[in-house]
Protein chains: 2
Amino acid sequence: MSEFTSYVRPCVGAMSGYIPGEQPQADKFIKLNTNENPYEPSASVATAVENALKGGLRKYPDPVANAFRARAGDVLGVPNDWILCGNGSDDILTILTRALVGEGMRLRMPYPSYVLYRTLAEIQGAIPDIVHFSVDWSLPAAFAEPADDMRLAVLANPNSPSGTCLTPEQVLKIAERLPCPLLVDEAYGDFADTNCLGLVQRNEKIMVSRSLSKSYALAGLRFGFLVAQPQWIHELMKVKDSYNCDALSISAATAAIDDQKWLEVNQNRIRATRQRMIAPLEQLGFSVQPSQANFVWCTHPERPVQPLYERLKSERILVRYMNYDGWDDGLRITVGSDEQVNVCLEALGRMI
Amino acid sequence: MSEFTSYVRPCVGAMSGYIPGEQPQADKFIKLNTNENPYEPSASVATAVENALKGGLRKYPDPVANAFRARAGDVLGVPNDWILCGNGSDDILTILTRALVGEGMRLRMPYPSYVLYRTLAEIQGAIPDIVHFSVDWSLPAAFAEPADDMRLAVLANPNSPSGTCLTPEQVLKIAERLPCPLLVDEAYGDFADTNCLGLVQRNEKIMVSRSLSKSYALAGLRFGFLVAQPQWIHELMKVKDSYNCDALSISAATAAIDDQKWLEVNQNRIRATRQRMIAPLEQLGFSVQPSQANFVWCTHPERPVQPLYERLKSERILVRYMNYDGWDDGLRITVGSDEQVNVCLEALGRMI
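The rules behind these values
Residues numbered from 1 in each chain as written. Chains lettered and ligands numbered in written order. Predicted model: local features only at pLDDT ≥ 70, side-chain atom pairs only at ≥ 80, totals over all residues. Heavy atoms only, no water. Helix = DSSP H or I, 4+ residues; strand = E, 2+ residues; numbered from the N terminus. Contact = heavy atoms within 4.5 Å. Core = buried A, V, L, I, M, F, W, Y, C linked by side-chain atoms within 4.5 Å. Buried < 20%, exposed > 50% of the residue type's maximum accessible area, 1.4 Å probe, protein only. pLDDT = per-residue confidence, 0-100. Least-squares fit on C-alpha atoms with pLDDT ≥ 70 in both. Arc of directions from axis to C-beta. 1 Å grid on protein atoms, 1.4 Å probe; cavity = no way out; pocket = protein on both sides within 12 Å on 5 of 7 lines; lining within 4 Å. Points joined across faces, edges and corners; volume = space filled by probe spheres on them. Nonpolar A, V, L, I, M, F, W, Y, C, P; charged D, E, K, R; others polar. Disulfide = S-S within 2.5 Å. Phe/Tyr/Trp six-rings, centres within 6.5 Å; stacked < 30°, edge-to-face > 60°. Pairing = 2+ DSSP bridges. Axes fitted to C-alpha atoms, helices over the stretch in contact; angles between N-to-C directions. Buried area = accessible area lost by both parts, 1.4 Å probe. Salt bridge = Lys/Arg side-chain N within 4 Å of Asp/Glu carboxyl O. Polar contact = N/O pair within 3.5 Å; in protein donor to acceptor, adjacent residues only side chain to side chain. Left-handed = near helix turned anticlockwise from the far one by under 90°.

## Considering the side chain of A:Thr273
Point 1. Note on placement: A:Thr273 falls in helix α10 (residues 260-283).
Point 2. Excluding residues within four positions of it along the chain, A:Thr273 makes contact with A:Tyr39, A:Val335, A:Gly336, A:Ser337, A:Asp338 and A:Val341.

So this is what it looks like as structure tokens:
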């Protein structure tokens, strides 16, 4: 570190930084590593982008993306001013931690879960207050317990890498016990049987974030949103970048959420493939977690899985190898198309 | 404030929040209020967006936008790894303050200038360390003076609302005296006669940010970037959202910066119109600051300007009324097309 990079805050300097899943820009890989949707988004998305392009890019976009808020509000049955739009749901997580969690304060999070929560706590100079999942991926009572200066709790539901999901009743009980607000991160919520959107009306402490990356097949677009009571939205607006969503993504996201028929067809396909993956993986000796998301978490009681990840990669099949302190390591395999999944299963069959 | 919104950090709760310039979504206004470019961007931008759209949106974008870095590096004559891409240059400012300026630390900024600097200091719980411009918009020596725990200085150059610009020699001297890094915010740099890009190699403390919003007519796209020595980029990468730029904007921005012929033609048109605005405004009694940006700052020694802003607005002509504590209020009028500027000047002529 040179003389002036010592100006970087110690909490940031000490970070290793979040490393996203591999994103080879060449198109030759079967990508089952970052939970992208294998199918193209609704055709209305391209039309919306083309229309926005005709409308021109020289002017600033709507700072709060009201077109999306209106459409999403109708679709989800919430008032428009309960919705905050973000440049991906990572932006929503960033806004929330900046608004709520100061230096030395606590951000409660489960483990293993989305590693960005910890990164965001570190950037804030806050304390990542980590509660481990039980071995069966239930959440111990400790998750809802008070602690000094705890300002926010975050819960990925469904969780990654496990794909497991708490019921809305369980989440409500947690929120009621917690001394602080609870963000339910439903990035994978559209693939689950239940979700917590209805809880937002019932308890001011509960906020729900959603992403268009996975279930709407729009990871390249960067669009997510928060549903929370309007007194939250008012405060959080202060912290977002003035024009955090661009004109093309607002238009595209509005078209995407408007096409609920597309979503339903897509959900059904992903769920069917997900179900189809379990038996073959179990036949290969994997222990497979029942999943409510668009991936399955596979551990192997008898053999190391990292070499399998490496060998798959050498065959241009990318899955996510994950290794959590105190837990078995495993492979998180995205639910791709039937064809992609078949190639992956066939390759694993040859390797095991 | 309800029981749980009291969880908002006091530094955020006390904020009024940044209010961007009015963005009527209807197309019936002559918008000379937010420094948008009046001309359509390079035609290659639309082609690039269409190509990116054909490439699909279901996959995550390149986390660091290497396509843009390569092209911008060539055009600007800096190595690729000296460039950090952002979701607008506001994102760059956000990343920098989060990385460098912790609670209770100082962020040095001039006044009057871009109000976001103060907002960002407030979100960080930091101290906005404000140094006033002199009446002639020169920067007093106090701007470069050390202060306790000063972590970053920010200088808009050209400045808004004044349109004035320090020379690279002046900026270098400031950086050499400052105890901390200096961000030179060149959002309007492409309209000026000089810029500070060459200083980045000469002094590790100097970083330069650029925006594609104004000079490339792409405010709707959200794309900006930082040029800094690579040891900075490495640290700042930790703080950005993993996928802060989307696939469409990366593609569009790469095409835009590749078309330097378009930029040159556009710069010449804006500069010519800017020059043409001065005499008529002075004939109306305005005191007009010589501008190096795509706007002119007009005060009026004899009459209040807020009613002029209101009357222009009632005629669907938007300019920016700005009122700074301890300074004359004024109108910041964007350099639009000749036609737009003529309508505005004619209306002002009737009103004064």
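## Some details on the nonpolar core
Point 1. A:Phe68, A:Leu182, A:Leu226, B:Phe68, B:Leu182 and B:Leu226 are the most contacted members of the largest nonpolar core, which has 181 residues in total.
Point 2. Each residue touching B:Leu226, except ones within four places of it in the same chain, is listed here: B:Trp82, B:Ile83, B:Leu84, B:Ile92, B:Leu96, B:Leu183, B:Met207, B:Val208, B:Ser209, B:Ile233 and B:Leu236.

## Notes on the confidence of the model for chain A
Point 1. This prediction gives chain A a mean pLDDT of 95; 97% of its residues lie at or above 70.
Point 2. For this predicted complex, the interface confidence comes out at an ipTM of 0.96, alongside a pTM of 0.97.

## Details of the relation of the copies chain B and chain A
Point 1. Once chain B is rotated about the relating axis by 180 degrees and shifted along it by 0.0 Å, it coincides with chain A to within an RMSD of 0.0 Å. Taken together, the rotation angle and the small translation identify this as a two-fold axis.
Point 2. A share of 100% of the interface residues of chain B reappears at the interface of chain A, consistent with the copies meeting face to face through the same patch.

## A closer look at helix α8 (residues 230-237) of chain B
Point 1. Within the span of α8(B), buried status applies to B:Trp232, B:Ile233, B:Glu235 and B:Leu236. An end-on view of α8(B) places all buried positions within 165 degrees of arc, on one side of the element.
Point 2. As for α8(B), its buried residues are in contact with α1 (10-13) of chain A together with α3 (66-76), β2 (83-86), α4 (89-100), β7 (206-211) and β8 (224-227) of chain B.

## A look at empty space enclosed by the protein
Point 1. Scanning all chains against the criterion turns up 4 cavities of 30 Å³ or more.
Point 2. Roughly 160 Å³ of volume is contained in the largest cavity.
Point 3. Lining of the largest cavity is provided by 18 residues; of these, A:Asp91, A:Asp241, B:Asp91, B:Thr94 and B:Asp241 occupy positions nearest its centre.
Point 4. Per-class residue counts for the lining of the largest cavity are 4 nonpolar, 6 polar and 8 charged.
Point 5. Around the second largest cavity sit A:Arg9, A:Gly102, A:Glu103, A:Gln124, B:Arg9, B:Val101, B:Gly102, B:Glu103 and B:Gln124, which together line it.
Point 6. Its residues assigned to classes, the lining of the second largest cavity comprises 1 nonpolar, 4 polar and 4 charged.

## Describing the state of the cysteines
Point 1. Scanning the entire structure with this criterion turns up 0 disulfides over all chains.
Point 2. You can see A:Cys344 has no disulfide; the closest cysteine sulfur is in A:Cys298, sitting 8.5 Å from it.
Point 3. Given the relative accessible area of 2%, A:Cys344 is considered buried.
Point 4. Unpaired in terms of disulfides, B:Cys245 finds its nearest cysteine sulfur in B:Cys85, a separation of 5.5 Å.
Point 5. When its relative accessible area of 3% is taken as the criterion, B:Cys245 is described as buried.

## Observations regarding the packing of aromatic side chains
Point 1. Scanning the entire structure with this criterion turns up 20 aromatic pairs over all chains.
Point 2. Aromatic pair A:Trp297 and A:Tyr324: ring centres 6.2 Å apart, planes at 70 degrees, arrangement edge-to-face. Here A:Trp297 is found in strand β10 (residues 295-299), whereas its partner A:Tyr324 is found in the loop between β11 (317-322) and β12 (330-334), with 27 residues between them in sequence.
Point 3. The buried category is assigned to A:Tyr324, whose relative accessible area is 7%.
Point 4. The interplanar angle of 80 degrees and the centroid separation of 4.9 Å between the aromatic rings of B:Tyr188 and B:Phe295 together place this pair among those described as edge-to-face.

## Focus on the sheet that holds strand β11 (residues 317-322) of chain B
Residue and element names in this part refer to chain B.
Point 1. As summarised here, the arrangement of the 5 strands in space is β1-β11-β12-β10-β9, forming an open sheet in which the pairing is mixed. Each edge of the open sheet carries a strand with a single partner, namely β1 (30-32) and β9 (287-288).
Point 2. The strands touched by helix α10 (residues 260-283) are β9, β10 (295-299) and β12 (330-334); relative to β10, the strand with the most contacts, the crossing angle is about 15 degrees.

## Here's the deal with the interface of chain B and chain A
Point 1. Residue-level contacts link 82 residues of chain B with 83 residues of chain A.
Point 2. Both sides of the chain B and chain A interface together cover about 7,100 Å² of buried area, and 55% of this is carbon and sulfur.
Point 3. For chain B, the biggest contributors to the area lost against chain A are B:Tyr7, B:Arg58 and B:Tyr60; these three give 13% of the whole.
Point 4. In this structure, B:Glu40 engages A:Arg58 in a salt bridge whose closest nitrogen and oxygen atoms are separated by 3.9 Å.
Point 5. Those elements giving two or more residues to the side of chain B that touches chain A turn out to be α1 (10-13), α2 (43-55), α4, α5 (116-123), β5 (150-156), α8 and α9 (247-258) of chain B.
Point 6. Broken down by element, the residue count for the side of chain B that touches chain A peaks at 6 residues, all from α4(B).
Point 7. For the side of chain B that touches chain A, the class distribution of residues is 38 nonpolar, 21 polar and 23 charged.

## Considering the environment of B:Val131
All names here are of chain B.
Point 1. Relative to the assigned elements, Val-131 resides in strand β4 (residues 127-132).
Point 2. Under the relative-accessibility criterion, Val-131 is labelled buried at 9%.
Point 3. Along the sequence, Val-131 and Ala-141 sit 10 residues apart, while their C-alpha atoms lie 9.4 Å from each other.
Point 4. Aside from chain neighbours lying at most four places away, what touches Val-131 is Arg-108, Met-109, Pro-110, Tyr-111, Pro-140, Ala-142 and Phe-143.

## A word on the environment of A:Arg58
Point 1. Mapped onto the secondary structure, A:Arg58 falls in the loop between α2 (43-55) and α3 (66-76).
Point 2. Residue A:Arg58 is classed as buried on the basis of its relative accessible area of 17%.
Point 3. Between the C-alpha atoms of A:Arg58 and A:Ala247, which are 189 residues apart in sequence, the distance is 9.9 Å.
Point 4. Among all residues touching A:Arg58, those that are not within four sequence positions of it are B:Glu36, B:Asn37, B:Pro38, B:Tyr39, B:Glu40, B:Ala217, B:Leu218, B:Ala219 and B:Gly220.
Point 5. Among the polar contacts made by the side chain of A:Arg58, one reaches the main-chain carbonyl oxygen of B:Asn37 at a distance of 3.0 Å.

## Considerations on unusual backbone geometry
Point 1. With an omega of 15 degrees, the peptide bond running from A:Ser160 to A:Pro161 counts as cis.
Point 2. Of note, A:Pro161 is situated in the loop between β5 (150-156) and α6 (168-177).
Point 3. The backbone of B:Arg222 sits at a positive phi, close to 60 degrees, despite the residue not being glycine.
Point 4. The residue B:Arg222 is located in the loop between β7 and β8 in this model.
Point 5. Relative accessible area serves as the criterion here: at 2%, B:Arg222 is assigned to the buried category.

## A few points about the packing of α2(B) against α9(B)
All names here are of chain B.
Point 1. Two elements in contact, α2 and α9, have axes separated by 8 Å at closest approach and are oriented at 145 degrees. Of the two possible hands of crossing, α2 and α9 adopt the one that is right-handed. Each of Ser-44, Val-45, Ala-48, Val-49, Ala-52 and Leu-53 in α2 lies in contact with α9, whose residues at this interface are Ala-247, Leu-248, Ser-251, Ala-252, Ala-255 and Ala-256.
Point 2. The residue inventory of the contact of α2 with α9, partitioned by class, reads 10 nonpolar, 2 polar and no charged.

## Comments concerning the sheet that holds strand β1 (residues 30-32) of chain A
All names here are of chain A.
Point 1. The 5 strands are arranged β1-β11-β12-β10-β9 in an open sheet whose pairing can be described as mixed. At either end of the open sheet lies a strand with only one pairing partner, and these are β1 and β9 (287-288).
Point 2. Direction of pairing for β11 relative to β12: antiparallel, over a ladder of 3 bridges. Each bridged residue has a counterpart across the sheet, and for Met-322 the counterpart in β12 is Gly-330.

## What about the pattern of salt bridges?
Residue and element names in this part refer to chain A.
Point 1. In the structure shown here, the tally under the stated rule is 32 salt bridges over all chains.
Point 2. Where Arg-118 meets Glu-122, a salt bridge forms, and the shortest distance between an N and an O atom there is 3.2 Å. Of this pair, Arg-118 and Glu-122 both sit in helix α5 (residues 116-123), separated by 4 residues, roughly a single helical turn.
Point 3. When its relative accessible area of 40% is taken as the criterion, Arg-118 is described as partly exposed.
Point 4. By relative accessible area, which is 24% here, Glu-122 ends up partly exposed.
Point 5. One continuous salt-bridge network, built from bridges that share partners, spans Arg-71, Asp-74 and Asp-258.

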